[in-house]
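Coordinates in review
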Amino acid sequence: AGDSSKVTDPTKVTRAVYSPPLLGRPTDVAEEVITIYREHDVRGFLFSMPYFWWDDLAKYAELFDELHRAGVWRPARERESLW
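All of the points below concern the structure found in this document. Only a predicted model underlies this, so the values are computations on that prediction, with no experimental measurement involved. (Residues numbered from 1 in each chain as written. Predicted model: local features only at pLDDT ≥ 70, side-chain atom pairs only at ≥ 80, totals over all residues. Heavy atoms only, no water.)

**Remarks on the pattern of salt bridges**
- Enumeration according to the criterion identifies 2 salt bridges in this entry.
- The closest approach of N and O atoms between R25 and D28, which form a salt bridge, is 3.0 Å.
- Looking at D28, the relative accessible area reads 29%, which means it is partly exposed.
- Close ionic contact of R69 with E66 constitutes a salt bridge, the shortest N to O distance being 2.8 Å. In this pair, R69 and E66 both sit in helix α2 (residues 54–69), 3 residues apart, roughly one turn of the helix.
- Residue classification places E66 among the partly exposed residues on the basis of a relative accessible area of 26%. (Salt bridge = Lys/Arg side-chain N within 4 Å of Asp/Glu carboxyl O. Buried < 20%, exposed > 50% of the residue type's maximum accessible area, 1.4 Å probe, protein only. Helix = DSSP H or I, 4+ residues; strand = E, 2+ residues; numbered from the N terminus.)

Shown next as structure tokens:
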């Protein structure tokens, strides 16, 4: 028998919505994120990059600008937070 005090299924302690990878132009990905945010009440997203190229970082900046304009995301300086 295992330790029953350990959480082994995160969906039991938090409502999780899993999405396939969102790929495409920054505006297309932003549209998908905004839809998920509004239709499913999702308030947390994880963004990861498989490669670290400066051009890709610029695309992320475009994505976050779109999310900011839509009121879905605020930069840390507006939240007075590092995250």
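And the narrative resumes.
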